[in-house]
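# Architecture at a glance
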Amino acid sequence: MTLSRRDFLKIGGASCIVAGTGAALVGCSPAGGSSDAPLAETGETSLVGYAPVNFTEETDILIIGSGYAGLAAAMAPALAGKKIIIAEKQSQVGGDSATSCCFMFATGTELQKAAGYTTTIDEYWEAVKEKQTAGYEQYDWFEDWVKGKIYANTHFVDSAINDFGATFQEPCTEAELPRLFGSVILPADGIGSGGQNILQPIVAKLKELGTDIRNGQRATALIKDAEGTIIGCRFEDTTSGKVTDIKATATVLATGGFADNGEMVQEYLPEWSNYGQMVHGCIGEGHKLAQAAGAQLVGMDSSFTFCNLMGDIPNCTTWGYWTPIVLVLPNGKRFIEEAQSHDAAQAAIDAGYRQWWSIFDQRAFDARAIANSVEGNIKSHSDVYVKADTIEELAVGMDVPVDTLVETFARYDELVASGEDTDFGKKAWLESLQPPYHALKLNVSRYKTSGGLIVGPNNQVLDTSDAEIPGLYAAGAVTLQSFASVSTCMATGYFVGETLAAL
Ligand SMILES: Cc1cc2nc3c(=O)[nH]c(=O)nc-3n(C[C@H](O)[C@H](O)[C@H](O)COP(=O)(O)OP(=O)(O)OC[C@H]3O[C@@H](n4cnc5c(N)ncnc54)[C@H](O)[C@@H]3O)c2cc1C
């Protein structure tokens, strides 16, 4: 490729590419420079492998990434009639969101009101605002922003159901979900069913509304003008390699986290770097694209992270909310309060292991919130599934010391009988298991990361001086403020969409 100053001027308006993958500045016309600036004087210049900016398409909103954050960002603008392109590098939509357990939180949704949960979103906001805004006092806009995000969570669920045909399960009763009942919502077929019940209906409706959803388009560089406004993005077709520059009034990064990027994990979360990971594609590209455009990166290390390690059968780590389970290490001993098995991976590591077993009984198959996930995961993980009529047989099948497992269950039953788990503090589902017993083995793995971009009062990405980068928006796991929780990824996406629908 040969590049001259005249070529730049032909592009129309000084624009430059900010790439996050090595070539920091490519095809960049010096801001405010004259036509006889150094580039022309050096004669013909070429940067191998990079073409100058050449916009061939234009849109109102360009969303990069098609997980929940990206899709949610399109919802309100699509309803408002905006022209939207969603560009996804993978051959399917959904990213990590498609495999999420979808253990979601919400308040004041029509779904919850219809089920008799009367807490309003206003009451919820009053109750949480102090906690949710603590630590960000340096930003005078932060409280309003958090409020907007929290309300967007409710708006997302209502709109997903009413406008986009998503289906949710009737919220659980206290008997079904003793911990957190009322605040948790699930896709229609329970844990792990968000792909078919939430994600796909939203995709279908967005397409019907005219949103152009493209697969196999990898964002490789943001494009900014001479004033520093992000005016679009460069994409590379993952099959043909064809380069396309798309101009946009608003560009939204919804590219997910970085759990699948070994180098970034080594840099920010070195203590996680030697565990396997179960996600594919979240390699922090959005973080780097934005950083090259001047964005600050915040809260990606373990002193800040909101994330945990996980078991490689993620759904299984949620079952303890809905049914009695007993978790044991490969040595046959209990190690954590099972109604809170979310932290089991870290607890197993702390005990010196990388694996643990989840043991449950028929009630797991009968609980509507998890029944499909129990059946499904047993089928898809038959190699690590054991069923037995006695604890002794179970121990043999699990290859854990028989005497220890028998002692573990004897002790557990003793605690159940006493009504108090003085060993681990389990309260919900402190009940004995009945034969036949079922067990699944889990391995410690990475599944998500938190931290990254911080967005400002108008949902635009903040630069290293805390100023908003005009034209560049972000949502979901690429942002600090999503905490990489699925409902907050949806909420931050929807909130960005509300901002853009109003532009
Ligand atoms: C197995 C699993 C279970 C989980 N369970 C829960 C749960 O129950 N509750 C909870 O709160 N959280 C859960 N999480 C976390 C939560 O689901 C995620 O944090 C959330 O879905 C992330 O959404 P997102 O849209 O930000 O990113 P993603 O869903 O990862 O989407 C990002 C998309 O951007 C695309 N992309 C990236 N870079 C580029 C590029 N350069 N060009 C174009 N496209 C690009 C990716 O391919 C991907 O499709 C779970 C995560 C996993 C993996």
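Residues numbered from 1 in each chain as written. Predicted model: local features only at pLDDT ≥ 70, side-chain atom pairs only at ≥ 80, totals over all residues. Heavy atoms only, no water.

### What about the packing of aromatic side chains?
Worth spelling out the cut-off: Aromatic pairing here means that ring centres of Phe, Tyr or Trp (its six-membered ring) are within 6.5 Å. Orientation follows from the plane angle: under 30 degrees is stacked, over 60 is edge-to-face, and everything else is tilted.
Enumeration over the complete set of coordinates arrives at 19 aromatic pairs. Feature note: the residues Tyr-136, Tyr-139, Trp-141, Phe-142, Trp-145 and Phe-495 constitute an aromatic cluster, connected by ring pairs.

### Looking at the packing of helix α3 (residues 68-79) against helix α15 (residues 486-501)
Put simply, the rule reads: All axes are obtained by fitting lines to C-alpha atoms, using only the stretch in contact for helices, and the reported angles, taken between N-to-C directions, cover 0 to 180 degrees. Under the scheme used here, helices are H or I runs from DSSP no shorter than 4 residues and strands are E runs no shorter than 2 residues, and both carry numbers assigned from the N terminus. The crossing is said to be left-handed when, going from far helix to near helix, the turn is anticlockwise and less than a right angle, and right-handed when the turn is clockwise. Residue contacts are counted whenever heavy atoms from the two residues lie within 4.5 Å of one another. Asp, Glu, Lys and Arg are counted as charged, while Ala, Val, Leu, Ile, Met, Phe, Trp, Tyr, Cys and Pro are counted as nonpolar; the rest, among them Gly, fall into the polar class.
Here α3 crosses α15 at 30°, and the two axes come no closer than 7 Å. For the element pair α3 and α15, the recorded crossing hand is right-handed. Here α3 contributes Tyr-68, Ala-69, Ala-72, Ala-73, Met-75, Ala-76 and Pro-77 to the contact with α15, which in turn contributes Val-486, Cys-489, Met-490, Gly-493, Tyr-494, Val-496, Gly-497, Glu-498, Leu-500 and Ala-501. Residue composition of the contact of α3 with α15, grouped by class: 14 nonpolar, 2 polar and 1 charged.

### Overview of a negative patch on the surface
Applied cut-off: Exposure above 30% relative accessible area and the absence of a salt bridge qualify a residue for a patch, where like charges join within 9 Å and nonpolar side chains (Val, Leu, Ile, Met, Phe, Trp, Tyr) within 5 Å. Accessible surface area values rest on a Shrake-Rupley calculation with a 1.4 Å probe, where residue burial reflects the displayed protein chains alone. Put simply, a salt bridge is a Lys or Arg side-chain nitrogen that is within 4 Å of an Asp or Glu carboxyl oxygen. Asp and Glu count as negative and Lys and Arg as positive, but His and the ends of the chain are not part of the count. The location of each charge is read from NZ of Lys, CZ of Arg, CG of Asp or CD of Glu.
The grouping of Asp-389, Glu-392, Glu-393, Asp-403 and Glu-407 at the surface amounts to a negative patch. Checked against the element boundaries, Asp-403 lands in helix α14 (residues 402-418).

### Quick look at the nonpolar core
Where we set the bar: Working definition of a nonpolar core: buried Ala, Val, Leu, Ile, Met, Phe, Trp, Tyr and Cys residues. They are joined through side-chain atoms within 4.5 Å. Remark: exposure states derive from per-residue accessible area (1.4 Å probe, protein chains only) relative to the maximum for the residue type, with buried under 20%, exposed over 50%, and partly exposed in between.
If you look at the biggest cluster of nonpolar residues, it comprises 82 residues, and the most contacted ones within it are Ile-63, Phe-156, Phe-168, Ile-202 and Leu-206. Not counting residues within four places of it along the chain, the set of residues in contact with Phe-168 comprises Met-104, Leu-111, Val-157, Ala-160, Ile-161, Ile-185, Leu-186, Pro-187, Ala-188 and Ile-198. With 47 residues, the next largest nonpolar core counts Leu-329, Ile-336, Phe-360 and Val-374 among its residues.

### Let's talk about the packing of helix α6 (residues 142-162) against α15
Here is the rule: Each angle is binned into one of four classes, with values under 35 degrees roughly parallel, values over 145 roughly antiparallel, values of 65 to 115 roughly perpendicular, and all other values oblique.
Contact geometry for α6 and α15: axes closest at 7 Å, N-to-C directions at 100°. In terms of orientation, α6 lies roughly perpendicular with respect to α15. Contact with α6, carried on its side by Trp-145, Gly-148, Lys-149, Ala-152, Asn-153, His-155, Phe-156 and Ser-159, involves Ser-487, Thr-488, Met-490, Ala-491, Thr-492, Tyr-494, Phe-495 and Glu-498 of α15 and no other residues of that element. Within the contact of α6 with α15, the residues separate by chemical class into 7 nonpolar, 7 polar and 2 charged.

### Topic: the site of the ligand
How we decide: Residue proximity to a molecule or strand is established when one non-hydrogen atom of the residue lies within 4 Å of it. We define a polar contact as two N or O atoms separated by no more than 3.5 Å, with the added condition that, inside protein, one atom must be a possible hydrogen donor and the other a possible acceptor, whereas residues neighbouring each other in sequence contribute only through side-chain atom pairs.
Around the ligand there are 36 residues in total, and Glu-88, Ser-97, Ala-477, Ala-484 and Val-486 lie nearest to it. Between Gly-95 and the ligand, the recorded distance is 3.2 Å, taken from a backbone N or O atom to an oxygen atom. Between the ligand and Ala-484 there is a distance of 2.8 Å, counted from an oxygen atom to a backbone nitrogen or oxygen. Looking at the shell around the ligand, the elements with two or more residues in it are α3, β8 (217-225) and α15. Grouping the amino acids of the shell around the ligand by side-chain chemistry returns 16 nonpolar, 14 polar and 6 charged.

### Describing the environment of Asp-96
Looking at the secondary structure, you find Asp-96 in the loop between β4 (84-87) and β5 (104-105). Accessibility expressed as a relative area gives 27% for Asp-96, which makes it partly exposed. Sequence separation of Asp-96 and Ala-348 is 252 residues, and the distance between their C-alpha atoms is 24 Å. Ignoring sequence-local partners within four residues, the contact set of Asp-96 consists of Val-279, His-280 and Cys-282.

### A word on the pairing of strand β14 (residues 355-360)
Going by this rule: For two strands to be treated as a pair, DSSP must find no fewer than two bridges joining them.
The buried count for β14 comes to 5 of 6 residues, which makes it a mostly enclosed element. Sheet topology note: the strand β13 (residues 325-328)/β14 ladder contains 4 bridges and is antiparallel. Looking at β14, one finds that Ile-325 is bridged to Phe-360. The pairing of β14 with strand β16 (residues 437-446) spans 6 bridges and is classified as antiparallel.

### Structural notes on the side chain of Asp-421
Topologically, Asp-421 is positioned in the loop between α14 and β16. Look at Asp-421 and you get buried, because its relative accessible area is 5%. Reaching out from Asp-421, the side chain makes a polar contact with the side chain of Arg-334 at a distance of 2.9 Å. A distance of 2.8 Å separates a polar side-chain atom of Asp-421 from the backbone nitrogen of Lys-426. Beyond its immediate stretch of four places on either side in the chain, Asp-421 contacts Arg-334, Leu-415, Lys-426 and Leu-430.

### Some thoughts on the environment of Asp-403
By relative accessible area, Asp-403 is classed as exposed at 59%. Counting along the chain gives 60 residues from Asp-403 to Asp-343, while the straight-line C-alpha distance between them is 26 Å.

### Topic: the domain arrangement of the protein chain
Note on interface size: it is often stated as the accessible area lost on association of the parts. So the rule is basically this: The domain limits used here are those given by an automatic or database domain assignment. Buried area: the accessible area, evaluated with a 1.4 Å probe, that two parts lose upon being put together, summed over both parts.
Domain assignment breaks the protein chain into domain 1 (97-205 + 479-501) and domain 2 (310-446). Placing a centre on the C-alpha atoms of domain 1 and another on those of domain 2 gives a separation of 29 Å. Taken together, the contact between domain 1 and domain 2 spans 19 residues of the former and 14 residues of the latter. Interface area, domain 1 with domain 2, both sides summed: about 1400 Å², of which 59% is carbon and sulfur. When the area that domain 1 buries against domain 2 is broken down by residue, the three leading residues are Glu-176, Arg-179 and Ile-191, summing to 39%. Here domain 1 is connected to domain 2 by 1 salt bridge. The salt bridge partner of Arg-368 is Glu-176, with a shortest N-O separation of 2.6 Å. Residues that form the side of domain 1 that touches domain 2 fall into these classes: 11 nonpolar, 4 polar and 4 charged.

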